[in-house]
Amino acid sequence: MQTTVGRPYPLGATVDEHGVNFALFSAHATAVTLCVFDSAGENELARYPLTQKSQQVWHLHIECSDKALVYGYRVDGPYEPHSGHRFNANKLLLDPYAKQWLGQFIEHQSHYGYCADHALEDLSFDECDNAAYMPKCKVVDTSLLSAISPLRASATPITNDLNGHIIYELHVKGFTQLCGEIEESIRGTYLGLAEPNVLRYLTELGVTCVELLPVHSFISEAFLQDKQLTNYWGYNSLSFFVPQHQYQSDSPTAPTPIEQFRNMVSALHSAGIEVILDVVYNHTAEGNRLGPTLCFKGIDNLSYYGLLPSDKRFYINDTGCGNTLNISHPKVLQLVMDSLRYWVEIMGVDGFRFDLASCLGRESHGFDKGAGFFDAIAQDPVLNKVKLIAEPWDIGPGGYQLGGYPQGWSEWNDRYRDTVRRFWRGDFGMLPELARRLHGSSDLFEHADRGASSSINFITSHDGFSLHDLVSYCQRHNDPNGEQSRDGHQENHSHNYGEEGESNSADVNAQRQRQVRNMLTTLVLSQGVPMLLAGDEIGHSLNGNNNAYCQDNSTNWRDWSNTAEQRSLLHFVKRLIAIRKRFCGLYPQHFIHQNVSTDGGGLGWFCRQGEPMNKLQWGDAHTRSLSLVLCGEVAAEHSIAPEQQALLLMLNADDQSLVFNAPSIEGYSEWHCLLHTQTDDDITSSTVAMEGTAPFVHQVFSQPELGLTNTESKIDTSPSAFTQSYQLKERSVMLFYAQLKGATA
């Protein structure tokens, strides 16, 4: 094959009319060699030195007819760890811009640039070749790919606005691995998520976005493999472009890995569901000074990673994972930006959730919402239109930054999580904090002119207890992780209600079922953007493991057994989501500060006696009950004008039953129950109709079922009418609606 000097841009392997252009950034290398392998990636065919270097980019063009070349790099330079250099030409390295890998990573001592048994540790130098144990890069011509399907029934382009959305956090493999309704060959794969039965489940559930745990190619750490475990979650990226091979179908008729991922996105879009990726740009799988040399470390360690200024042998570890990617370097920032654009423009995704995002906004003086990373996204014509979600913390200095991100960003709200958990556990003194979280956390976001959609509300996520376990365990039970249960969060704000773990007690299980429904109701009816953990809607258990990152088994795989208990909870969640979608007041564009009224949105807080909350009541630490009234429009369908209605949410987190008086709101008729958690059986299907364009149609509950304290069988709506009073069980909720007087159901 004939070679020429090629071009320094774009970085990576780029197909053109005559062949392939290769470009690799390394500011400190003394030599770069391209190694070309056979189509199976097993035998090296030739080596081509990249002799041309332009502005720290080494480049070469190879003329060829078969452009699907298989390759890797060897990069030479000084091996001086104290100066930050770890070049070792004995190691075959992955291209940071590779779009596809061939073969799999095999853990082996030859991946390490030093001699593991040497007394000097990483100051020693290893001469073993690792090519036999490395995946190889494969050139991909992305110009040949077909278009991604647009979002179904989308009248306007997808934007970065999360207002009105409901996020569903799921794991690509775990969601369908046990799904018997799809072919076995595609269970646990991208194609599995694209199956009609799976799409039907998601659309009937009512979620609008799936947030996928990491799909960038990752590897399992050596210490996990030593324990016969794997990194299941995937927060250990080695490539920012290649989709994880484990999630691809190996069927002979299956398309390429890239096409499989794109087919999944197209199918989800066709079902009206957007795709958000959980991405890890804060660290890589190469670990600390004792980690392997697989890519960035061998290409230009000093540029790609943050190193201690006093001794560059050691890595800055703001992530707790051994290293921190040096986003402040322009070429590293370019890598991240190019990766993000690739996943939007080529792979078709609609947004990103950034793991440990504070790492990305840390400048030399500390975290800055005007950091280069945020500025780069804000000015990018592609990325400033997609959904951007931050995990707003890391373990570095000043790392906790909830509420500190720029315009256009949403943030995982752990204060919401902890507040709702503690309130329903029965902790005292939670009412003021609970009200702020139900209101969309305006105290955290409104000062920067940001709306309630800036708050991603969640009670559970992949990291921690499932919702079932939150009401079943007081302590973490992480022994299967092999760390004597020392890993994972120690404080979970959980409660087991009398027995640790699974119980045969009807009373214990009834309390747990109520609490699960109570927290789900609170989540879905709070202002902000709700995020539901996949499996919580059917009571999935992690067996008390609150750090199941290394459990690639039925502990994490979603249970599709479809028991009566699962169906009941699933139906309850569907009804909650349907109510949220219909009632626009639950997702206003701006924080609501108006009182309840018959004109537009309004919000009011009431004590259980039905009177507006006063300062003394807010300060009563022993009160564990609250009512919230929210008025606004019910979403119109089929071009029928929306109608003004009000919702009343009664919350009783006390350990005894309490009588609640329904507030009387001027201009509104009597309250009608939409759903409640007084019993754990499925009552909503027979009492609420949500179909068509009518307002919330109801059938009146019998008095014993609701615990109505008045003996009248019907509610008088005249001015002299009695107060609607309800006996709420300990730890339960009731949700009502009221129409404007004169409106017809």
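So, here's what we can say about the structure.

## Concerning the environment of Asp479
In step 1: Along the polypeptide, Asp479 turns up in the loop between helix 12 (467–470) and helix 13 (506–524).
In step 2: Judged by relative accessible area, Asp479 falls into the exposed class, the value being 53%.
In step 3: Sequence-wise, Asp479 and Gly544 are 65 residues apart; in three dimensions their C-alpha atoms are separated by 9.8 Å.
In step 4: Ignoring sequence-local partners within four residues, the contact set of Asp479 consists of Gln484 and Ser485.
In step 5: A polar side-chain atom of Asp479 sits 2.9 Å from a polar atom in the side chain of Ser485.

## Notes on empty space enclosed by the protein
In step 1: As enumerated under the stated definition, the model contains 7 cavities of 30 Å³ or more in all.
In step 2: Estimates place the volume of the largest cavity at around 260 Å³.
In step 3: Along the wall of the largest cavity there are 19 residues; nearest its centre are His171, Tyr232, Leu533, Ala534 and Asn556.
In step 4: Of all elements in the fold, only strand 13 (167–170) and helix 1 (172–176) reach the threshold of two or more residues within the lining of the largest cavity.
In step 5: Roughly 70 Å³ of volume is contained in the second largest cavity.
In step 6: Every residue lining the second largest cavity is listed: Leu438, Leu525, Gln527, Leu586, Leu628, Leu630, Leu647, Leu649 and Leu735.
In step 7: Elements supplying a minimum of two residues to the lining of the second largest cavity: strand 24 (625–634) and strand 25 (643–652).
In step 8: Each residue belonging to the lining of the second largest cavity can be placed in one class, and the counts come to 8 nonpolar, 1 polar and no charged.

## Here we look at the packing of aromatic side chains
In step 1: All told, the structure shown has 39 aromatic pairs when counted by the stated rule.
In step 2: Plain terms: the ring middles of Tyr201 and Trp560 are 5.2 Å apart, the flat faces sit at 65° to each other, and that makes the pair edge-to-face. Placement of Tyr201 in helix 3 (residues 196–205) and of Trp560 in the loop between strand 22 (529–533) and helix 14 (564–582) is noted, with a sequence separation of 359 residues between them.
In step 3: For Tyr201, a relative accessible area of 11% corresponds to the buried category.
In step 4: Three or more aromatic residues joined by ring pairs form one cluster here, namely Phe25, Phe240, Tyr281, Phe296, Tyr304, Phe352, Phe354, Phe367, Phe373, Phe374, Tyr405 and Trp409.
In step 5: For Lys99, the ring lying beneath its charged end belongs to Tyr342, and the centroid distance is 5.6 Å.
In step 6: The ring of Phe572 has Arg517 lying over it, and the distance from NZ or CZ to the ring centre is 5.5 Å.

## Details of helix 13
Residue pairs spaced three or four apart in an α-helix point in one direction, given the helix's 3.6 residues per turn.
In step 1: Between the first and last C-alpha of helix 13 there are 27 Å, a value that for 19 residues agrees with the 27 Å anticipated at 1.5 Å per step.
In step 2: The element helix 13 is extensively covered by neighbouring structure, given that 15 of its 19 residues are classed as buried.

## Comments concerning the sheet that holds strand 16 (residues 351–354)
In step 1: Sheet architecture is closed into a barrel: 8 strands sit in the order 13-14-15-16-19-20-21-22, paired in parallel fashion. Here the average twist between neighbouring strands, direction ignored, is 30°.
In step 2: The pairing of strand 19 (residues 387–390) with strand 20 (residues 409–413) spans 3 bridges and is parallel. In the sheet register, Ala390 faces strand 20, and the bridge partner there is Glu411.
In step 3: Those strands touched by helix 5 (residues 257–270) are strand 14 (209–212) and strand 15 (274–279), and its axis lies near 135° from that of strand 15.

## With respect to the pairing of strand 5 (residues 44–49)
In step 1: Across 5 bridges, the pairing between strand 4 (residues 31–37) and strand 5 is antiparallel. Bridge pairing links Phe37 to Glu44 in strand 5.
In step 2: Taken together, strand 4 and the strand that follows it, strand 5, pair antiparallel across an intervening segment of 6 residues, in which Gly41 is found at a positive phi of about 75°.

## Quick notes on the packing of helix 7 (residues 330–345) against helix 8 (residues 372–379)
In step 1: Their axes nearest at 11 Å, the elements helix 7 and helix 8 cross at an angle of 35°. The way helix 7 lies across helix 8 gives a crossing that is right-handed. From helix 7, Leu333, Val336, Met337 and Leu340 reach across to helix 8, where they touch Gly372, Phe373, Ala376 and Ile377.
In step 2: Classifying every residue of the contact of helix 7 with helix 8 gives 7 nonpolar, 1 polar and no charged.

## A look at the sheet that holds strand 23 (residues 602–606)
Adjacent strands of a sheet form backbone hydrogen bonds with each other and so pair up, either parallel or antiparallel.
In step 1: Taken in spatial order, the 5 strands line up as 23-24-25-31-27 in an open sheet, and their pairing is antiparallel. Single-partner strands in this sheet number two, and they are strand 23 and strand 27 (672–676). Across this sheet, the average inter-strand angle for adjacent strands is 20°, counted without regard to direction.
In step 2: Alignment of strand 24 against strand 25, held across 10 bridges, turns out to be antiparallel. In the strand pairing of strand 25, Leu626 is matched with Leu651.

## Regarding the pattern of salt bridges
Where charged atoms from two side chains of opposite charge come close, those side chains can pair.
In step 1: Within the structure shown, the criterion is met by 32 salt bridges.
In step 2: The residue Asp394 makes a salt bridge to Arg362 at a minimum N-O spacing of 2.7 Å. Of the two residues, Asp394 sits in the loop between strand 19 and strand 20 while Arg362 sits in strand 17 (residues 362–363), which places them 32 residues apart along the sequence. Each of the two residues, Asp394 as well as Arg362, counts as buried.
In step 3: In this structure, Arg436 engages Glu433 in a salt bridge whose closest nitrogen and oxygen atoms are separated by 3.2 Å. Taken together, the positions of Arg436 and Glu433, both in helix 10 (residues 431–438) and 3 residues apart, correspond to about one turn of that helix.
In step 4: A residue is classified by how much of its surface remains accessible, and Glu433, at 14% relative accessible area, is buried.
In step 5: What you see here is one network of salt bridges that share partners, running through Arg86, Glu121, Asp122, Arg289 and Arg313.

What counts, and at which threshold
Residues numbered from 1 in each chain as written. Predicted model: local features only at pLDDT ≥ 70, side-chain atom pairs only at ≥ 80, totals over all residues. Heavy atoms only, no water. Helix = DSSP H or I, 4+ residues; strand = E, 2+ residues; numbered from the N terminus. Buried < 20%, exposed > 50% of the residue type's maximum accessible area, 1.4 Å probe, protein only. Contact = heavy atoms within 4.5 Å. Polar contact = N/O pair within 3.5 Å; in protein donor to acceptor, adjacent residues only side chain to side chain. 1 Å grid on protein atoms, 1.4 Å probe; cavity = no way out; pocket = protein on both sides within 12 Å on 5 of 7 lines; lining within 4 Å. Points joined across faces, edges and corners; volume = space filled by probe spheres on them. Nonpolar A, V, L, I, M, F, W, Y, C, P; charged D, E, K, R; others polar. Phe/Tyr/Trp six-rings, centres within 6.5 Å; stacked < 30°, edge-to-face > 60°. Lys NZ or Arg CZ within 6 Å of the ring centre and 35° of its normal. Expected span 1.5 Å × (residues − 1). Pairing = 2+ DSSP bridges. Axes fitted to C-alpha atoms, helices over the stretch in contact; angles between N-to-C directions. Left-handed = near helix turned anticlockwise from the far one by under 90°. Salt bridge = Lys/Arg side-chain N within 4 Å of Asp/Glu carboxyl O.

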